[in-house]
Amino acid sequence: MDFTLDKKHEMARGLFKDFAEKEVKPLAIEVDETEKFPRETVTKMQKFGFMGIPIPKEYGGQGCDPLTYAMCVEELAKVCGTTAVVVSAHTSLCCDPIMTYGTPEQKEKYLKPLAEGKLLGAFGLTEPGAGTDAQGVQTKAELTEDGKEWILNGSKCFITNGKEADVYIIIAYTDIVLDKKGRKTKKFSAFIVEKNTPGFTFGTKENKMGIRGSSTYELIFQDCHIPAENLLGARGKGFPIAMHTLDGGRIGIAAQALGIAAGALDRTVEYVKERKQFGRSIAAFQNTQFQLANLATKVEAARLLVYKAAEAKRTQQRYSVEAAQAKLCAAEVAMEVTTKCVQLFGGYGYIREYEVERMMRDAKITEIYEGTSEVQRMVISGDLLK
Amino acid sequence: MKIVVCIKQVPDTKGGVKFKPDGTLDRAAMLAIMNPDDKAGLEAALRIKDEDPENTEVTVLTMGLPKADDVLREAIAMGADKGLLITDRVLGGADTWATSSTIAGALKNMEYDLIITGRQAIDGDTAQVGPQIAEHLQLPVISYAEEIKVDRDAKTVKVKRQYDDRYHILTAKLPCLVTALAELAEPRYMTPGGIFDAYDNQDLVTVWGRDKLDVEDKNIGKAGSPTVIAKASDKVAKGKGETVTPDSPAAAVDYIVGKLEEQHVI
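Topic: the overall build of chain B
- Tallying secondary structure elements over chain B gives 6 helices and 11 strands in all.
- With the C-alpha coordinates aligned to their principal axes, the bounding extent of chain B is approximately 70 × 45 × 40 Å.
- Across the 266 residues of chain B, 42% fall into the buried class.
- The contacts of chain B with a sequence gap of at least 6 include a subset with a gap of at least 24, amounting to 69%.

Structure below.
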């Protein structure tokens, strides 16, 4: 077992770090304050291949691996949680399911431009009455009599990249069947929906605590006709498709959480060396030293789990438990580390200019979206007790 | 169209500078980056390639320690087609004369239409190697390029050259050598896939030792270097300077202007 990165991964990390420092960091405060989607940065990331890192070259991607992708999200999140989630939602939640379940025609039509950076992707599962409980999904898709189109009706909420995306993976129920106990159960299917499809509009823009620049919108479908060939995967297989997609997504969010934690720690290490109290830098106090030691150890533990999950995605068919552990750990570490970093900053930590307060606000969502920490515990314990 | 870009791996000044006892740089002990002027030269070459990718080949060449392989792979990850690493113990400790002789010795065994080098490297700051290579190869040289345009049909290159308070627009027949300024072009980022390609295809970088070079022994390495370094040191800390507190802003201006006149700055 070798825990050192090889040269290509080292160089890729250097690239992401360089890009994050030069292109992303200077805009992070503005993106947060104004809730402005970082379109210019996204255009640059599209140009330099950041939007298709783990996708094979034949489908317009970079032909790298999940680890490289995770490192990209991590480095972006060190300076801007918003920019990181744009990449994560696009790659894990839109490109990945088309890569895994798409037909050759769907890959050519949608995956290629998504991975090449010509289009931006999003994913819609959550609804006002359905988050962790997927059976609550009300969005419905009906096949027209001639079998040529699906008609979507319903709405999705809290959708990342909401109004900015071009292509959406939408989960809707297509059938109601009786389960073994004779209860009615919804069977879901996944669909690829293009922006500007008649009947597809946007509702409320969410005003959020953190990741404020990410475009989080409600999606509304009213008699929205989509071609039959835009069914992704088999009819009725939407739930496993969504769950598998979220397994991958959790690695992205875990990497985002890791980056937020590591970024806050980096800032704090710099700050405690400069800040003077009682005639010496606060880094000279043992409380500061021990706190930093604890935080650095937790960040490194989270990093190992995130990288392990990324490698598991590369080498294994199933990686649900690894992804859940990585996300559970990294998200909780992000919340703890950012909170303690704000404390180490003292009063300045509460001031926006110093950015660790933003990181603390950004960290919170990583414990919630793409499966709350409680859901991750269900996945992990479910595997233990099966 | 074949373009060779000469690049150098230089110490990253952020990592501190370390010297060997003989005064030459201890390159193995320092963090390394691609020299900024060379990177701009590479970007210029890649832009020429962007105009006609099918018919343009960009080769990056460097002389250095085996670890300089990384800087070639970085260039390939940015878009260069292949790299050539010139490395041999007998080439160590070279000054600009020995370096340019060695690189010219490699270029004599290569095909090229245009050679681009950086103006100067941030470690030595001599700005000599580029023009010296041109001299060894009997090529026209245009230095301090801020803009490079190639006319493939006429087989010429048009260069906007920085010159004190003005620019020169110069045209030269190919083959020729151009030295590039960092201002020439903002270098593009590598792509993640480019990095993977650069390392997954080990053959993209060729390694040449002394035996592959068309150069005389007397012109290589430390022994072939006429320059002798008397003494080298890291940056010397500056003194505290002079602190004055004039009575008014006008007095402060008078004081500063007086000092500047005294130093013949104005």
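Description of the overall build of chain A
- Per the secondary structure count, chain A includes 11 helices and 10 strands.
- Its C-alpha atoms give chain A a radius of gyration of 21 Å, near enough to 21 Å, the size a compact globule of 386 residues would have.
- Each principal axis of the C-alpha distribution contributes one length, and for chain A these read about 80 × 45 × 40 Å.
- Within chain A, the proportion of its 386 residues that are buried is 54%.

What about the pairing of strand β1 (residues 121–124) of chain A?
Residues and elements named next belong to chain A.
- Alternating residues of β1 divide into G121 and F123 and A122 and G124, and every residue in both groups is buried.
- Relative to strand β4 (residues 167–178), β1 runs parallel, the two sharing 4 bridges. Bridge assignment links G121 to a residue of β4, and that residue is V167.

Comments concerning the packing of helix α4 (residues 66–79) of chain A against helix α7 (residues 238–274) of chain A
Residues and elements named next belong to chain A.
- α7 packs onto α4 with a crossing angle of 40° between their chain directions and a minimal axis gap of 7 Å. With respect to each other, α4 and α7 are oriented oblique. Judged by the twist between their axes, the crossing of α4 over α7 is right-handed. Residues P66, A70, V73, E74, E75, L76, A77, K78 and V79 of α4 form the contact with α7, whose participating residues are I251, G252, A255, Q256, L258, G259, I260, A262, G263 and D266.
- Along the lines of polarity and charge, the residues of the contact of α4 with α7 split into 11 nonpolar, 4 polar and 4 charged.

What to know about the pairing of strand β6 (residues 114–118) of chain B
Residue and element names in this part refer to chain B.
- Burial analysis of β6 places 5 of its 5 residues in the buried class, the great majority of the element.
- Residues L114, I116 and G118 line one face of β6 and the alternating positions I115 and T117 line the opposite face, and both faces are buried.
- When strand β1 (residues 2–6) meets β6, the two strands line up parallel, connected through 4 bridges. Bridge pairing in β6 links I3 to L114.
- Bridge analysis of β6 against strand β10 (residues 176–180) gives 5 bridges, and the strand direction is parallel.

Focus: the nonpolar core
- Counting 197 residues, the largest nonpolar core has L76, F191, A257, A261, V306 and A330 of chain A together with V178 of chain B as its most contacted members.
- A total of 17 residues in this core trace back to one element, the largest contributor, which is α7 of chain A.
- Not counting residues up to four positions away in its chain, the partners in contact with A257 of chain A are A330, A331, V333, A334, A363 and T366 of chain A.

Here's the deal with the sheet that holds strand β4 (residues 57–63) of chain B
Residues and elements named next belong to chain B.
- Read across the sheet, 9 strands follow the order β9-β8-β7-β10-β6-β1-β4-β5-β11 without closing on themselves; strand pairing throughout is mixed. The strands lining the two open edges of the sheet, one partner per strand, are β9 (166–173) and β11 (205–208). Ignoring strand direction, the axes of neighbouring strands in this sheet form an average angle of 30°.
- Against the sheet, helix α1 (residues 36–51) touches β1, β4, β6, β7 (141–151) and β10, its axis set at about 150° to β6.

Concerning unusual backbone geometry
- For the bond running from L174 of chain B to P175 of chain B, omega is 0°, close enough to zero to count as cis.
- Tracing the backbone through its elements, the reader meets P175 of chain B in the loop between β9 and β10.
- The backbone of E355 of chain A sits at a positive phi, close to 70°, despite the residue not being glycine.
- On the secondary structure map, E355 of chain A appears in the loop between α9 (320–345) and α10 (356–366).
- With 22 C-beta atoms packed within 10 Å, E355 of chain A lands in the buried category.

Overview of the interface of chain B and chain A
- At the interface, 10 residues of chain B touch 14 residues of chain A.
- Elements with a contribution of two residues or more to the side of chain B that touches chain A: α2 (69–78) and α5 (192–200) of chain B.
- Per-element accounting of the side of chain B that touches chain A gives the leading share, 5 residues, to α5 of chain B.
- Of the residues assigned to the side of chain B that touches chain A, the class counts are 7 nonpolar, 2 polar and 1 charged.

Concerning helix α6 (residues 104–116) of chain A
Residue and element names in this part refer to chain A.
- Along its length, α6 reaches its greatest deviation from straightness, about 35°, at Y110, and the proline P113 lies no more than four positions downstream.
- Those residues of α6 lying buried are K107, Y110, L111, L114 and A115.
- Summarising the contacts, the buried residues of α6 are in contact with α5 (81–101), β1, β4 and β5 (184–194).
- Following α6 by one or two positions, G117 has its phi on the positive side, about 95°.

Thoughts on the environment of I29 of chain A
- Along the chain, I29 of chain A turns up in helix α2 (residues 28–34).
- Sequence separation between I29 of chain A and E353 of chain A is 324 residues, and the spatial gap between their C-alpha atoms is 7.6 Å.

Concerning α1 of chain B
- In a regular helix each residue adds 1.5 Å, so 16 residues correspond to 22 Å; α1 of chain B covers 23 Å between its end C-alpha atoms and thus fits that length.
- Listed as buried for α1 of chain B are D37, D38, K39, A40, G41, L42, E43, A44, A45, L46 and I48 of chain B.

Topic: the environment of D6 of chain A
All names here are of chain A.
- With respect to the secondary-structure elements, D6 resides in the segment before α1 (7–24).
- Exposure remark for D6: the 9 C-beta atoms within 10 Å place this residue in the exposed category.
- Taking the C-alpha atoms as reference points, D6 and L304, separated by 298 residues in sequence, lie 15 Å from one another.

Considering the environment of V87 of chain A
Residues and elements named next belong to chain A.
- With respect to the helices, strands and loops of the structure, V87 is situated in helix α5.
- Residue V87 is classed as buried on the basis of its 24 C-beta neighbours within 10 Å.
- On a C-alpha basis, the gap between V87 and G121 in space is 9.2 Å, while along the polypeptide they are 34 residues apart.
- The residues contacting V87, other than those within four sequence positions of it, are M45, F50, M51, C72, V73 and L76.

Concerning the packing of α7 of chain A against helix α8 (residues 286–315) of chain A
Residues and elements named next belong to chain A.
- Contact geometry for α7 and α8: axes closest at 9 Å, N-to-C directions at 155°. In terms of their interaxial angle, α7 and α8 are classed as roughly antiparallel. In the crossing of α7 with α8, the sense of the turn from one axis to the other is left-handed. Every residue of α8 that contacts α7 at G248, I251, A254, A255, L258, A261, A262, L265, V269 and V272 is listed here: T288, L292, L295, A296, V299, A302, R303, V306, A309, A310 and K313.
- Partitioning the contact of α7 with α8 into residue classes produces 17 nonpolar, 2 polar and 2 charged.

Points about the confidence of the model for chain B
- In the predicted model, chain B carries a mean pLDDT of 90, and the fraction of residues at 70 or more is 97%.
- Scored as a complex, the prediction yields pTM 0.90 and ipTM 0.93.

Analysis parameters
Residues numbered from 1 in each chain as written. Chains lettered and ligands numbered in written order. Predicted model: local features only at pLDDT ≥ 70, side-chain atom pairs only at ≥ 80, totals over all residues. Helix = DSSP H or I, 4+ residues; strand = E, 2+ residues; numbered from the N terminus. Buried ≥ 20, exposed ≤ 12 C-beta atoms within 10 Å, placed from the backbone. Contact = placed C-beta atoms within 7 Å. Rg over C-alpha atoms; globule rule 2.2 N^0.38 Å. Pairing = 2+ DSSP bridges. Axes fitted to C-alpha atoms, helices over the stretch in contact; angles between N-to-C directions. Parallel < 35°, antiparallel > 145°, perpendicular 65-115°, else oblique. Left-handed = near helix turned anticlockwise from the far one by under 90°. Nonpolar A, V, L, I, M, F, W, Y, C, P; charged D, E, K, R; others polar. Core = buried A, V, L, I, M, F, W, Y, C linked by C-beta atoms within 7 Å. Bend = angle between axes of the 7 residues up to and from the residue. Expected span 1.5 Å × (residues − 1). pLDDT = per-residue confidence, 0-100.

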